[in-house]
Amino acid sequence: MPGEIRGSTVAVGADRGNSSGVEPGSPEEERRRQEVIDSYKVVCLCNKIRRGVVQRAIAGGARTLDDVKRATRAGTGPCGAKRCGPVIAAMLRR
Ligand code: FES
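Procedures and definitions
- Residue indices follow the written sequence of each chain, beginning from 1 at its first position.
- Given that this is a predicted model, residues contribute local features only at a pLDDT of at least 70 and side-chain atom pairs are listed and counted only at 80 or more, while totals for whole chains, interfaces and linings are drawn from all residues.
- Partly exposed residues are those whose C-beta has more than 12 but fewer than 20 other C-beta atoms within 10 Å; with 20 or more the residue is buried, with 12 or fewer it is exposed, and the C-beta atoms are placed from the backbone.
- Strands are runs of DSSP state E lasting at least two residues, helices are runs of H or I lasting at least four, and both sets are numbered from the N terminus onward.
- In this description, one arc is meant: the one made by directions from the helix axis to the C-beta atoms.
- In this description, any two residues whose backbone-derived C-beta atoms lie within 7 Å of each other are considered to be in contact.
- Per residue, pLDDT measures the predictor's confidence, with a range of 0 to 100.
- The nonpolar core criterion groups buried Ala, Val, Leu, Ile, Met, Phe, Trp, Tyr and Cys residues into a set whenever they are joined through C-beta atoms within 7 Å.
- Inter-axis angles, ranging from 0 to 180 degrees, are taken between N-to-C directions of lines fitted to C-alpha atoms, where helices are fitted over the stretch in contact.
- Angle categories are assigned with fixed cut-offs, so that under 35 degrees is roughly parallel, over 145 is roughly antiparallel, 65 to 115 is roughly perpendicular, and the rest are oblique.
- Handedness of a helix crossing follows the sense of rotation of the near helix relative to the far helix, less than a right angle counterclockwise being left-handed and clockwise being right-handed.
- Any residue that is not Ala, Val, Leu, Ile, Met, Phe, Trp, Tyr, Cys, Pro, Asp, Glu, Lys or Arg is counted as polar, Gly included; the first ten are nonpolar and the last four charged.

With that out of the way, let us pick up helix H2 (residues 51–59). Among the residues of H2, those classed as buried are Arg-51, Val-54 and Ala-57. The arc that holds every buried residue of H2, seen down its axis, measures 125°, which confines them to one face. Looking at the buried positions of H2, the neighbouring elements they touch are helix H1 (27–39), strand S1 (42–44), strand S2 (49–50), helix H3 (65–72) and helix H4 (85–93). Looking one or two residues past H2, Gly-61 carries a phi angle of roughly 120°, positive in sign.

Next up, the structure:
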């Protein structure tokens, strides 16, 4: 019957191919997947700023902790960057 759904598993996008050029199931695909997951992790707990936001600020030209603070508000919370400052500094060194 047209439109009938059988079984309980739906493979979303399974027939759309791979537009990223990365082999499905390869270490490169896993690395990229992990990068996306990591970008959602909170770096600045005081202001709830995610790693991806800081990464975009750095990619956009932020070179110091103060640059990142101005661009993202990360490091401007009540702890005074005691928790997130070292993490952001490490991201700036990479
Ligand atoms: S954790 Fe970033 S300012 Fe406190």
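Picking up where we left off.
What follows is about the confidence of the model for the protein chain. Any segment with low pLDDT has predicted coordinates that should not be analysed in fine detail. Confidence in the prediction for the protein chain averages 87 pLDDT; 81% of positions are at 70 or higher. Across residues 1–5, where pLDDT falls below 50, the model places 0 contacts with residues more than four positions away in sequence or in other chains. Every residue in residues 7–14 scores below 50 in pLDDT, and together they form 0 contacts with partners more than four places removed in sequence or on other chains.

This brings us to the nonpolar core. Grouped together as the largest cluster of nonpolar side chains are 10 residues: Val-43, Cys-44, Ile-49, Val-54, Ala-57, Ala-62, Val-68, Ala-74, Cys-84 and Ile-88. Those elements that place two or more of their residues in this core are S1 and H2. Apart from the residues within four sequence positions on either side, Cys-84 is in contact with Val-43, Cys-44, Leu-45, Ala-74 and Gly-75.

We now examine the packing of H2 against H4. Where H2 meets H4, the closest approach of the two axes is 11 Å, and the angle between their N-to-C directions is 40°. If you check the angle between H2 and H4, you find them oblique. The chirality of how H2 crosses H4 is right-handed. Of the residues in H4, those touching H2 at Val-54, Gln-55 and Ile-58 are Ile-88, Met-91 and Leu-92. Per-class residue counts for the contact of H2 with H4 are 5 nonpolar, 1 polar and no charged.

A positive phi is found at Lys-48, a non-glycine position, where the angle reads about 55°. The topology assignment puts Lys-48 in the loop between S1 and S2. Phi at Arg-73 takes a positive value of approximately 75°, unusual for a residue other than glycine. Turning to its location among the elements, Arg-73 is positioned in the loop between H3 and H4.

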